[in-house]
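# Fold and contact review
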Amino acid sequence: LGPTVCVGEILVEIVATTVGEGFLKAQPLVGPFASGAPAIFISQCGRLGGKAAMVGAVGDDDFGRVNTDRLKRDGVDVSTISIDPDYPTGSAFVRYRKDGSRDFVYNIAKSAAARFGWSQTVADLINRSGHLHVMGSALSVASARAVIDRAVDIVKARGGTLSVDPNIRKELKLDEDTEHRFSELVAAADLLLPSGEELGRAAGVEGEADATRRLFEMGVKEIVLKRGAEGATYFGSQGDRIDAPAFVVEEVDPTGAGDCFGGAYLTCRRLGMSPQQALTYASAAGARNVTVLGPMEGAGTRQELDAFIASTERRR
Ligand code: ADP
């Protein structure tokens, strides 16, 4: 029915290599790596051989080219990534604390990443796209939100599908309008990809059983819950459930696991695989991506993931 489209921030990321120290001591910093949750997601779709396209913007600078060149190599259609002549490519600096949490310094609001909009080229893409993937966090960025709001209706009207990664921390309070829009999008999702507590946040009720039941009542068709090193679980609307144990890997950089997982799961499903098979590829994609530094450097092709699956043990 047409490519998978993702709309949102395209960034580069600079990563501290020393854990537990402030940025001034966390030397050396490495990068720039291509980043931005929507870009990571679509990169993994492209690498797995799914038809994929990205909507967003970069500046007219090297950071932007780091990203668009990378997505192009992954097979992603980048013709709807616009080049902003006035603002730089968005960026994020990240360092890791000893407890595994992360500190970010972002430049998104005043970058090209927050300054794109609807255009004829975007309309042409959306009019032939078969699937839209939405990150909850994009709803707070006016430019992305404006494109998503129009795109959802068009894609759904032409029989396309929608996936939603809530990607909104439990504590984050959205304004009333954004909260309402978030609930509408969750209800319209053919596939919901929450991680951890986002499940309860999206459902508006706590507890796995109650939350999944509520989400299916709202209209969601399929839920895959991500649990980091604990693995992932598929919930079908008929009460069916599949637990996917995580692969055993050494975690070097956790950033991007959820987006690689989601991009792989969705692409495998769109290529006709069963939830069980898609879960295996998705778990491999997430696990492989955490083994290397950089938010999407470990995203794998079908061959790379097959080799990873064949050579890596899974937790019991
Ligand atoms: P998010 O980044 O959205 O919070 P997760 O951290 O849950 O997502 O990661 C998504 C998936 O990637 C997990 O469900 C798991 O399959 C895989 N994964 C993530 N971290 C690890 C890890 N340390 N070891 C093995 N697999 C992992």
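Residues numbered from 1 in each chain as written. Predicted model: local features only at pLDDT ≥ 70, side-chain atom pairs only at ≥ 80, totals over all residues. Heavy atoms only, no water.

### Describing the side chain of Thr 233
The test is simple: The secondary structure listing takes helices from DSSP runs of H or I that are at least 4 residues long and strands from runs of E that are at least 2 residues long, numbered from the N terminus. By the criterion applied in these results, polar contacts are pairs of N or O atoms within 3.5 Å in which, for protein atoms, one can donate a hydrogen and the other can accept it, and in which residues neighboring in sequence qualify only through two side-chain atoms. Contacts are assigned to residue pairs with any non-hydrogen atoms lying within 4.5 Å of each other.
With respect to the helices and strands, Thr 233 occurs in strand 12 (residues 232–236). Within the structure, the side chain of Thr 233 is placed 2.7 Å from the side chain of Asp 243, a separation counted as a polar contact. Aside from chain neighbours lying at most four places away, what touches Thr 233 is Ile 223, Val 224, Leu 225, Arg 227, Arg 241, Ile 242 and Asp 243.

### Quick look at unusual backbone geometry
In the segment running from Gln 27 into Pro 28, the intervening peptide bond is cis, with an omega of -10°. Relative to the helices and strands, Pro 28 is located in the loop between strand 2 (11–16) and strand 3 (29–35). Across the junction of Gly 31 and Pro 32, the peptide omega takes the value 5°, indicating a cis bond. Within the secondary structure, Pro 32 sits in strand 3.

### A word on the sheet that holds strand 9 (residues 161–165)
Spelled out, the test is: What makes two strands pair is DSSP finding at least two bridges between them. Here the axes come from fitting lines to C-alpha atoms, over the contacting stretch only for helices, and the angles between their N-to-C directions go from 0 to 180 degrees.
Strand order across the open sheet formed by nine strands is 5-4-1-8-9-10-11-12-13, with mixed pairing between neighbours. Strand pairing shows two members of the sheet lacking a second neighbour, strand 5 (81–84) and strand 13 (241–244), which therefore form its edges. Lying over the sheet, helix 1 (residues 37–47) contacts strand 1 (4–7), strand 4 (52–59), strand 8 (131–135) and strand 9, oriented at roughly 165° with respect to strand 1. Most of the contacts of helix 4 (residues 142–157) go to strand 8, to which it runs at about 145°, and overall it touches strand 1, strand 4, strand 8 and strand 9.

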